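Chains, contacts and geometry: an overview
Take a look at the letters that make up each chain.
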Amino acid sequence: MISSNFSLLMSVYKNDNPGFLRMALNSVYNQSICPKEIILVQDGPIPLSLSKVINDFAFKNRNIISLIFPVNHGLGYALRKGSQYVSTEWLARMDADDINLPNRFELQINYLKKHPETVLLGGQICEFKNDYLKLESMKTD
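Thresholds, definitions, all that
- Residues numbered from 1 in each chain as written.
- Predicted model: local features only at pLDDT ≥ 70, side-chain atom pairs only at ≥ 80, totals over all residues.
- Heavy atoms only, no water.
- Helix = DSSP H or I, 4+ residues; strand = E, 2+ residues; numbered from the N terminus.
- Buried < 20%, exposed > 50% of the residue type's maximum accessible area, 1.4 Å probe, protein only.
- Contact = heavy atoms within 4.5 Å.
- Salt bridge = Lys/Arg side-chain N within 4 Å of Asp/Glu carboxyl O.

1. A word on the side chain of Gln108
Mapped onto the elements, Gln108 comes out in helix H4 (residues 104-114). Taking relative accessible area as the criterion, Gln108 reaches 17% and is therefore assigned buried. For Gln108, the contacting residues outside a window of four places in its chain are Leu121 and Gly122.

Pasting the structure below:
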């Protein structure tokens, strides 16, 4: 795992699936290059099952910055507040149920290095409902 000079911002709230959150975080730590820091915003009270996933990862990985809001304010507010803790030049964003391909960050960072005029970069997604092995559709952003 090679660390790079970018941050990852993620918000978690009470209705997120703990299994998907675990898979999402595993997909971050299984990258060919990993973020310098993960800013993880808990937007309001969350169930113990979600807290356990976050605590397991925070215990093993010292690069998690955990922000806890006692009241749910919504995704926009959580991301805005979380972005204030970014200490790097670049910020990657993902949801608590996003599962990354193992080279997502490497491809994106390499693109940004080759195209320094870029200010926003997206990618392709495949959606799933309950089983990530059963993809629903392909979208390009």
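2. Comments concerning the pattern of salt bridges
Pairing between side chains of opposite charge can happen when their charged atoms approach one another. Inspection of the entire model under this criterion finds 3 salt bridges. A salt bridge links Lys52 to Asp56, with the nearest nitrogen and oxygen atoms 3.1 Å apart. With Lys52 and Asp56 both in helix H2 (residues 48-60) and 4 residues apart, this pair spans about one turn of that helix. Of the charged contacts, one joins Arg93 and Asp95 as a salt bridge, the two residues approaching to 2.6 Å between their closest N and O atoms. Overall, Asp95 belongs to the partly exposed group, its relative accessible area being 32%. Shared partners join several salt bridges into a network, and the residues in it are Arg22, Lys52 and Asp56.

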